[in-house]
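# Coordinate analysis (summary)
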Amino acid sequence: MLVICYGIAKSGSTLGFELVKGVLTGAGYDQKKVRSNGLKPRARGNYILSVTRQTITDIVETIGPNRIVAAKTHSRLSDDMFAWLEELQSQRKVQVITSYRDPRDVCLSLVDHGAKARESGRKGFAKIRNLDRAADLVDLAIPKFRAWSALQGSVRLYFDMVAFSPDDAIAAIEKGLGVSCDHEAAKQYAFEDAFTQRNKARKSRFEDEMDEEDRKELTARFREFIERACIANDQGLFTRYCERILRGGKVDSRCSSRIL
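Residues numbered from 1 in each chain as written. Predicted model: local features only at pLDDT ≥ 70, side-chain atom pairs only at ≥ 80, totals over all residues. Heavy atoms only, no water.

## As for the side chain of Ser36
- Mapped onto the secondary structure, Ser36 falls in the loop between α1 (13-26) and α2 (53-63).
- With relative accessibility at 14%, the residue Ser36 sits in the buried group.
- Residues contacting Ser36, with those up to four places away along its chain left out, are Asp58, Ile59 and Thr62. (Helix = DSSP H or I, 4+ residues; strand = E, 2+ residues; numbered from the N terminus. Buried < 20%, exposed > 50% of the residue type's maximum accessible area, 1.4 Å probe, protein only. Contact = heavy atoms within 4.5 Å.)

What follows is the structure in structure tokens.
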């Protein structure tokens, strides 16, 4: 099985990915790098650059039926891939796990990362100099997150749970993957041994690090996502994505009516 870990950038996606790897390692599935044309060859771990039928097929075939291997991606899931990938997930050839965070905190983390990128001379994120620019990127990332999370059977990991209630996150991962592991060993790996790009590792940073005007503006901008995904954990939010990709084509009543 290929475990695809998608996360909004700076939402704890690397920490979530490493926690998944810790769970799988503890369950007896080694996470050595996979040699496949679908994976970035020089990445620190298994990283999917582009999600296509060919890349996913290559990775799944390389892994084989007796292993479970996690790979990370920030790539979008195109509409024409949705039904096919959902079928692979129902066949237990693929399992999607998504990571997300309060977008106000994501914006703060992106600005921090932009400053670090400029200081070190790296191009990635260097153009993010303020909250407005960061919010534009989050606007683009949320639909990608909703697409991956709308696949029936996907597991969603909220940053606050992963970072501050990791046993609950591990239990959700175990349930999604159908495995069990030593929780302490998994936490040791994810929080101490692995590279996770942790910055301040604080929740609700926006409450005391953002001025009132910016906080009000971003709260209004991302109100639906904050209220339905971050606060209420409303699974019905993701049915709208499924309905949108089916609009104008053949309507699959199973997909358009279910609560994901």
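## Some thoughts on a negative patch on the surface
- Side chains of Asp132, Asp211, Glu213 and Glu217 sit close together on the surface and give a patch of like negative charge.
- In this structure, Glu217 sits in helix α10 (residues 212-221). (Patch = residues over 30% accessible without salt bridge, like charges linked within 9 Å, V, L, I, M, F, W, Y side chains within 5 Å. Areas by Shrake-Rupley, 256 points an atom, 1.4 Å probe, with all protein chains shown as cover. Salt bridge = Lys/Arg side-chain N within 4 Å of Asp/Glu carboxyl O. Lys, Arg positive; Asp, Glu negative; His and termini not counted. Charge placed at Lys NZ, Arg CZ, Asp CG, Glu CD.)

## Focus on the nonpolar core
- Core analysis: the largest hydrophobic core is formed by 50 residues, its most contacted members being Leu2, Ile8, Ile48, Ile56, Val94, Trp148 and Phe225.
- At the level of secondary structure, the elements contributing two or more residues to this core comprise β1 (2-7), α2, β2 (69-73), α3 (79-90), β3 (94-100), α4 (103-120), α5 (131-150) and α11 (223-231).
- The element that contributes the greatest number of residues to this core is α5, accounting for 10 residues.
- Listed in part, the 26 residues of the second largest apolar core include Phe17, Val20, Ala163 and Val179. (Core = buried A, V, L, I, M, F, W, Y, C linked by side-chain atoms within 4.5 Å.)

## Thoughts on the packing of α4 against α5
- Two elements in contact, α4 and α5, have axes separated by 9 Å at closest approach and are oriented at 120°. Between α4 and α5, the interaxial angle falls into the category oblique. In terms of crossing hand, the pair formed by α4 and α5 is right-handed. Taking contact as the criterion, the partners of Pro103, Val106, Cys107, Leu108, Leu110 and Val111 in α4 are, on α5, Leu131, Ala134, Ala135, Leu137 and Val138.
- For the contact of α4 with α5, the class distribution of residues is 11 nonpolar, no polar and no charged. (Axes fitted to C-alpha atoms, helices over the stretch in contact; angles between N-to-C directions. Parallel < 35°, antiparallel > 145°, perpendicular 65-115°, else oblique. Left-handed = near helix turned anticlockwise from the far one by under 90°. Nonpolar A, V, L, I, M, F, W, Y, C, P; charged D, E, K, R; others polar.)

## Some words on the packing of α1 against helix α8 (residues 183-193)
- In the contact formed by α1 and α8, the axes pass within 8 Å of each other and the chain directions differ by 145°. Two packed elements cross with a definite hand, and for α1 against α8 that hand is right-handed. On α8, the residues that touch Leu15, Glu18, Leu19, Lys21, Gly22 and Val23 of α1 are Ala186, Tyr189, Ala190 and Phe191.
- By residue class, the composition of the contact of α1 with α8 is 7 nonpolar, 1 polar and 2 charged.

## With respect to the sheet that holds β3
- Strand order across the open sheet formed by 4 strands is β2-β1-β3-β4, with parallel pairing between neighbours. What marks the edges here is a single partner per strand, and that holds for β2 and β4 (155-158). Sheet twist, expressed as the average angle between the axes of neighbouring strands with direction ignored, equals 25°.
- Both β1 and β2 contribute to a ladder of 5 bridges, which runs parallel. When the sheet's bridge partners are listed, Val3 is paired in β2 with Ala70.
- Strands β1, β2 and β3 of the sheet are contacted by α2, whose axis makes an angle of about 135° with β1. (Pairing = 2+ DSSP bridges.)

## As for the pairing of β2
- Most of β2 sits inside the fold, with 5 of its 5 residues counted as buried.
- Here β2 shows no split at all, with Val69, Ala71 and Thr73 on one side and Ala70 and Lys72 on the other all buried.

## Some words on the side chain of Glu174
- Note on placement: Glu174 falls in helix α7 (residues 166-177).
- Apart from residues lying up to four places away in sequence, Glu174 is in contact with Val23, Val179, Ser180, Cys181 and His183.

## As for the packing of aromatic side chains
- Going through the model one piece at a time under the given rule, you end up with 7 aromatic pairs.
- Measuring from ring centre to ring centre gives 4.9 Å for Tyr100 and Phe145, while their planes differ by 35°; the resulting arrangement is tilted. Linking Tyr100 in strand β3 with Phe145 in helix α5, this pair joins segments that are 45 residues apart in sequence.
- Here Tyr100 falls in the buried class, since its relative accessible area comes to 3%.
- Geometrically, the ring pair formed by Phe159 and Phe164 is edge-to-face, given 5.9 Å between the ring centres and 85° between the ring planes.
- You can call Phe159 buried: its relative accessible area is 7%.
- Lying across the ring of Phe159, Arg101 places its NZ or CZ 3.9 Å from the centre.
- Across the ring face of Phe206, the terminal group of Arg104 is positioned such that the distance to the ring centre comes to 3.7 Å. (Phe/Tyr/Trp six-rings, centres within 6.5 Å; stacked < 30°, edge-to-face > 60°. Lys NZ or Arg CZ within 6 Å of the ring centre and 35° of its normal.)

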